[in-house]
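Residue strings, one per chain:
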Amino acid sequence: MSSSTAQSEAKLRTFVAYVEDKPGVLNRISSLFRRRNYNIVSLNVGRTHEDGVSRMTFQIEADSDMALRIEANLYKLVNVLSIADLTELPRVVRDLALIKVKATPPDRAEVLQLVEIFRARAVDVSPTTLTVEVTGDQAKIQGMVDSLRPFGIVEMVQTGTVAMSRGPEGRAARVAHGASPGFAADEAAE
Amino acid sequence: MEASKKIIAHAQPELEKPAPGAVPEPRLMPGSEILWDALVNLGVDVVFGYPGGAIMPAYDSMIKFPIHHVLVRHEQGAAHMADGYARVSGRVGVCVATSGPGATNLVTGIANAMMDSIPMVAITGQVPSALIGSDAFQETDITGVALPITKHSFVVTRPEDICSALKEAFYIASSGRPGPVLVDITKDAQQKSCLYAFDPSPVRLPGYRPETEPLERELAEALDLISRAERPILFSGHGVVQANATELMLELVDKTHIPVAATLLGLGGFPASHPSALGMMGMHGEAWVNTAIQESDLIIAVGMRFDDRVTGNLKTYAKNAKKIHIELDPAEVNKNVHVDVPLIGDCRAILKRLLPHVQKPEIEPWLKHIDQMRGESAVIDIKELPDEGKLYAAHVIHDLWRMTEGKAIVVTDVGQHQMWEAQYYKHDYPRRLVTSGGLGTMGFALPAGIGAKFADKSAEVWVIAGDGGIQMTAAELTTIAQEEIKVNIAIINNGFLGMVRQWQQFFYGGRYVATPMKSPDFVKLADAHGLLGLRATNRTEVRQMVERARSHPGAVVIDFRVEQEDSVYPMVPTGADLGDMIRRPKRETSEHNPIYETGSDES
């Protein structure tokens, strides 16, 4: 990985991939990341509306050359149906966090007010705590965390980032036709 | 990158033997038989392997099928044999081992095949599916171990899945950029039965689309660069050999007269005796080749990956050259060297599309300049060196080349002798040099030579190995004896781990740590295996012994006692600029090393 050939500065890039929902697939992908020395910032995998197809969103620090190689290397994996780099596209990017924060009755109103400001939701309450669900990008979640920290955060969890391009084009995995949505879309664009 | 090419819809695998007529009636068959039946249908007639507990049901059934099994002495040998078989035949090589240690012994051979993109299917037994994860006797998670060194892998736990896994494995191993595929089959999958008939229909893998094609625009850019080039150079890599694109390369060169440099694995892909062939590039490439690369204004790289042994220092590599990269694997583009025009796809198909439109560039001064460089700095030729009673490895290889008229299959190990072979055995034919390039696996040559022989029974096969490498897999001499095959083994015996010794001499103050090496008496060793052992200690004996070996009906081991502290020249030290080579000492300045540059006797 020679920096002398880099075409742009490294930055955080967001990729989405459709993969077959089979045992060991995540292992193959993470093994590739490890072997090629890609440093994963975030990784999320979940099912889609199509049977047997999972969708991954992952974020990696990379320059544009490296981004192309990341795509190409993932594309070589037999279980990867398609891969696309959303970094330069208009896109929706979301994280979801659950934050359990100390909130005894005297503090509760103030915490709820903060929740309101962040357009988050209270999803659980106990005599001493409140659990907050917040969605948004990393900056928003970090803001929520910073605001709640003074009250005392008991625990928190967040999903990896998920992303989707804006606009009408879907990147559905047309598994039945064996065609890659990412490539198919670009083929049409050519 | 994705925008720059389109995917051909779902390439169909070409099964080696399409089943004639209709699909036969399914019948009840144990997995152990399905395995061999599927392999026979996939065109397999020889496998290299070693039995053991978890693969015993399969071995028990093997006898019913027209498949020859070569019993190896160590599973690493099986993997290298399958590798050598694949390189010479262009077909998928198959090796078989049991679970646990049998499987882990394959690992080096699988990694070797991965690095050199060799189509190979490795079949391993696995403990019964109910015991997986229990640390059962001889259990190893071999697909996990081999994950980074396989193109793909399968774990099969049901007899119903054996045939499809093998079909897919063969397809994946041999299509696109080839590579090794591991099929791990549990013992119960071999023992249980199911209704089975070989299904000859094409493999369907929705996520695997190895075929790509460049766009017209990219082809036009490449053609434009070629027509305007003043100092162009063509690279002929392993991809040319694997895509059987030799004739198209010849056509391209006949049309354009662009000079051709080869990578180590590309040797033979473009005939060495062609007037436009420059020779090998890189760390031990000839000086004029590397200088030409550095001075070029256009590199057309065909089926190669700009390995670090080829480029030297990337910062100073061919700085003024535009680069056209014809390459099958998109992940190789811009990996080490930034290219101006990537043409991603099968190099044979791309050359076919380029050829009708290629225009001859005006390059006469460039060709004259290269000829001048060649004349001034010819490293060779030791062939005219008088026989002073000493024996040099280069003599041995040069004489071998002359006596076999360059037609033998030569299988080399790794180290000095490998580089001398690349320099002095001129390969005019593809698939006649078998060598471990990417991984650099010592011990490769002897087993790979056995595999090569099974791929081409009528060929004259010469294994060339050092005294170090041969000892790593010398047990396979018995395999040769048991199989009664004719393979000649030339041991370039200098009493050192020669390449490491050379590096110690150049870069580590001449401290020969752990490189002086004692060897068994190779003549006696051959004799102990029932093979003919010979020895040569001077140049006259080289010819005599090679002649004896060639006329002897059985396998022959020749112990060539060569000069101990000879070095491979020229050499680009690791990370140095490609043009910055350690040159062969001249005669007048070196009493010690009389292999010198003459510059006059190249013709």
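Note that the structure is a prediction, hence the values are computed from the model and not measured.

Asker: Describe the overall build of chain B, and please don't skip the residues or the numbers.
Answerer: Along chain B, the regular secondary structure elements total 23 helices and 22 strands. Against the 2.2 N^0.38 benchmark of 25 Å for 603 residues, chain B shows a C-alpha radius of gyration of 25 Å, consistent with a compact globule. Over its C-alpha atoms, taken along the principal directions, chain B stretches across nearly 75 × 65 × 40 Å. Burial status across chain B gives 56% buried among its 603 residues. Summarising the internal contacts of chain B: among those between residues at least 6 apart in sequence, 77% fall at separations of at least 24.

Asker: Any chance you could break down helix α16 (residues 393-403) of chain B for me, citing the residues and the numbers?
Answerer: Residue and element names in this part refer to chain B. Most of α16 is tucked away: 8 of the 11 residues are buried. Buried within α16 are the following residues: A393, A394, H395, V396, I397, H398, L400 and W401. For α16, the elements touching its buried residues are α17 (416-424), β19 (461-466), β20 (488-493), α23 (539-551) and β22 (556-561). Count one or two residues on from α16 and you reach E405, which has phi positive near 55°.

Asker: Provide a residue-level description of the confidence of the model for chain B, including the pertinent values.
Answerer: Residues and elements named next belong to chain B. Averaged over every residue, the pLDDT of chain B is 91; the share at 70 or more is 91%. Ignoring residues within four places in sequence, the model shows residues 1-14, a span with pLDDT below 50, making 41 contacts including any to other chains. In the model, residues 589-603 has pLDDT below 50 throughout and makes 30 contacts with residues more than four positions away in sequence or in other chains. Model confidence for the complex: the whole-complex pTM is 0.91, and ipTM, which rates the interface, is 0.84.

Asker: If you had to explain the domain arrangement of chain B to someone new, which residues and values would you point to?
Answerer: Residue and element names in this part refer to chain B. Each assigned domain of chain B is listed with its residue range as follows: domain 1 (25-196), domain 2 (212-376) and domain 3 (383-568). With centres defined by C-alpha atoms, the gap from domain 2 to domain 3 works out at 31 Å. A per-class count over the side of domain 2 that touches domain 3 returns 7 nonpolar, 5 polar and no charged.

Asker: How would you summarise the environment of V556(B) if you had to cite specific residues and measurements?
Answerer: All names here are of chain B. Looking at where V556 falls in the secondary structure, it is placed in strand β22. Along the backbone, V556 and V523 are 33 residues apart, and their C-alpha atoms lie at a distance of 9.5 Å. Ignoring sequence-local partners within four residues, the contact set of V556 consists of N488, I489, L531, L532, L534 and A549.

Asker: Which residues make up the pairing of strand β14 (residues 298-302) of chain B, and what are the values?
Answerer: Residue and element names in this part refer to chain B. Burial runs high along β14: 5 of the 5 residues are buried. Residues L298, I300 and V302 line one face of β14 and the alternating positions I299 and A301 line the opposite face, and both faces are buried. As paired elements, strand β11 (residues 232-236) and β14 share 5 bridges and run parallel to each other. Residue pairing across strands places F235 opposite A301, the latter belonging to β14. The pairing of β14 with strand β15 (residues 322-327) spans 5 bridges and is parallel. Along β15, the bridge assignment pairs L298 with K322.

Asker: Describe the environment of D346(B), with residues and values.
Answerer: Residues and elements named next belong to chain B. In this structure, D346 sits in the loop between β16 (341-344) and α14 (347-354). Judged by the 22 C-beta atoms lying within 10 Å of it, D346 is buried. Along the sequence, D346 and D188 sit 158 residues apart, while their C-alpha atoms lie 41 Å from each other. When near neighbours in sequence (up to four residues on either side) are disregarded, D346 contacts A243 and L328.

Asker: Can you lay out the nonpolar core for me, pointing to particular residues and giving the numbers?
Answerer: One finds A78(B), C95(B), V121(B), V183(B), V463(B), A490(B) and I558(B) to be the most contacted residues of the largest nonpolar core, which totals 218 residues. V121(B) has contacts with V92(B), V94(B), A169(B), F170(B), A173(B), V181(B) and V183(B), leaving out every residue within four places of it along the chain.

Asker: Tell me about the domain arrangement of chain A, and name the residues and values.
Answerer: Residue and element names in this part refer to chain A. Here the domain parsing of chain A yields domain 1 (9-89) and domain 2 (92-162). The C-alpha-based centres of domain 1 and domain 2 are spaced at 29 Å. Facing 6 residues of domain 1, the contacting portion of domain 2 comprises 5 residues. When residues of the side of domain 1 that touches domain 2 are traced back to their parent elements, those giving at least two are β2 (40-47) and β3 (53-62). The element best represented in the side of domain 1 that touches domain 2 is β2, accounting for 3 residues.

Asker: Describe the sheet that holds strand β3 (residues 46-49) of chain B, and please don't skip the residues or the numbers.
Answerer: All names here are of chain B. Taking strand neighbours across the sheet as the criterion, the 6 strands line up as β4-β3-β5-β6-β8-β7 in an open arrangement whose pairing is parallel. What marks the edges here is a single partner per strand, and that holds for β4 (68-71) and β7 (152-156). The mean inter-strand angle of the sheet, taken between neighbouring strand axes irrespective of direction, is 20°. As judged from the 2 bridges shared by β3 and strand β5 (residues 93-97), these two strands associate in the parallel manner. When the sheet's bridge partners are listed, G49 is paired in β5 with V96. Packed onto the sheet, helix α3 (residues 75-89) meets β3, β4, β5 and β6 (120-126) and runs at close to 170° relative to β5.

Asker: Before we move on, can you summarise the environment of V107(B) with the specific residues and values?
Answerer: All names here are of chain B. With respect to the helices and strands, V107 occurs in helix α5 (residues 107-115). Given 19 C-beta atoms within a 10 Å radius, V107 is considered partly exposed. Remark: the alpha-carbon pair of V107 and A146, spanning 39 residues in sequence, is separated by 6.8 Å. Every residue in contact with V107, bar those within four places of it in the chain, is listed here: V145 and A146.

Asker: Explain the packing of α3(B) against helix α18 (residues 445-455) of chain B to me, using residue names and the numbers behind them.
Answerer: Each packed pair of helices is defined by two parameters, the angle between the axes and the distance between the axes. Residues and elements named next belong to chain B. Packing of α3 against α18 leaves a shortest axis separation of 6 Å and a crossing angle of 45°. It follows that α3 is oblique to α18 by the angle criterion. Crossing handedness for the pair α3 and α18: right-handed. The residues of α18 that touch α3, namely those facing G77, H80, M81, A82, D83, G84, Y85, V88 and S89, are P447, A448, G449, I450, G451, A452, F454 and A455. Along the lines of polarity and charge, the residues of the contact of α3 with α18 split into 10 nonpolar, 6 polar and 1 charged.

Calculation criteria
Residues numbered from 1 in each chain as written. Chains lettered and ligands numbered in written order. Predicted model: local features only at pLDDT ≥ 70, side-chain atom pairs only at ≥ 80, totals over all residues. Helix = DSSP H or I, 4+ residues; strand = E, 2+ residues; numbered from the N terminus. Rg over C-alpha atoms; globule rule 2.2 N^0.38 Å. Buried ≥ 20, exposed ≤ 12 C-beta atoms within 10 Å, placed from the backbone. Contact = placed C-beta atoms within 7 Å. pLDDT = per-residue confidence, 0-100. Domains from an automatic or database assignment. Nonpolar A, V, L, I, M, F, W, Y, C, P; charged D, E, K, R; others polar. Pairing = 2+ DSSP bridges. Core = buried A, V, L, I, M, F, W, Y, C linked by C-beta atoms within 7 Å. Axes fitted to C-alpha atoms, helices over the stretch in contact; angles between N-to-C directions. Parallel < 35°, antiparallel > 145°, perpendicular 65-115°, else oblique. Left-handed = near helix turned anticlockwise from the far one by under 90°.

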